[in-house]
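# Residue-level structural notes
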Amino acid sequence: MKVYRFLTGPDDAAFCHKVTLALNKGWDLHGSPTYAYNAETKLMLCGQAVVKDVPGKEYTPDIKLSEQ
């Protein structure tokens, strides 16, 4: 099974750690990061898609993607 996640958060060290943790759990970057400005909070937000192959499992809609 191939799984997909889109990680999001403020453009800060915590977001970088979130992506780094995913990479160290076997996820791969998918595409370029994205950035957007939230005018209400005055924060830059970023996102990064990640994908992972999970052999021997079959996809179901109730699967917890972050636990794969």
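Now for a description of the structure that goes with this document. (Residues numbered from 1 in each chain as written. Predicted model: local features only at pLDDT ≥ 70, side-chain atom pairs only at ≥ 80, totals over all residues. Heavy atoms only, no water.)

## Observations concerning the side chain of K52
In this fold, K52 is placed in strand β3 (residues 43-53). What K52 contacts, discounting residues up to four positions off in sequence, is M1, K2, V3, K25, G26, W27 and Q68. (Helix = DSSP H or I, 4+ residues; strand = E, 2+ residues; numbered from the N terminus. Contact = heavy atoms within 4.5 Å.)

## What to know about the side chain of Q48
Tracing the chain through its elements places Q48 in strand β3. Of note is the side chain of Q48, whose polar atom sits 3.2 Å from the backbone oxygen of G31. Look past the residues within four positions of Q48 in its chain and what remains in contact with it is R5, F6, L7, F15, V19, L29, H30, G31, S32 and P33. (Polar contact = N/O pair within 3.5 Å; in protein donor to acceptor, adjacent residues only side chain to side chain.)

## Description of the environment of L7
Of note, L7 is situated in strand β1 (residues 2-10). By relative accessible area, L7 is classed as buried at 4%. Contacts of L7, omitting those with residues within four sequence positions, involve F15, K18, V19, A22, C46, G47, Q48 and V50. (Buried < 20%, exposed > 50% of the residue type's maximum accessible area, 1.4 Å probe, protein only.)

## Section: a nonpolar patch on the surface
Residues Y35, Y37 and M44 make up a contiguous nonpolar surface patch of about 360 Å² in total accessible area. Among the secondary structure elements, M44 is positioned in strand β3. (Patch = residues over 30% accessible without salt bridge, like charges linked within 9 Å, V, L, I, M, F, W, Y side chains within 5 Å. Areas by Shrake-Rupley, 256 points an atom, 1.4 Å probe, with all protein chains shown as cover. Salt bridge = Lys/Arg side-chain N within 4 Å of Asp/Glu carboxyl O.)

## Remarks on the nonpolar core
V3, L7, F15, V19, A22, W27, C46, V50 and V54 form the largest nonpolar core, which has nine residues in total. Those elements that place two or more of their residues in this core are β1, α1 (13-24) and β3. If one sorts the elements of this core by residue count, α1 sits on top with three residues. Not counting residues within four places of it along the chain, the set of residues in contact with V54 comprises M1, V3 and Q68. (Core = buried A, V, L, I, M, F, W, Y, C linked by side-chain atoms within 4.5 Å.)

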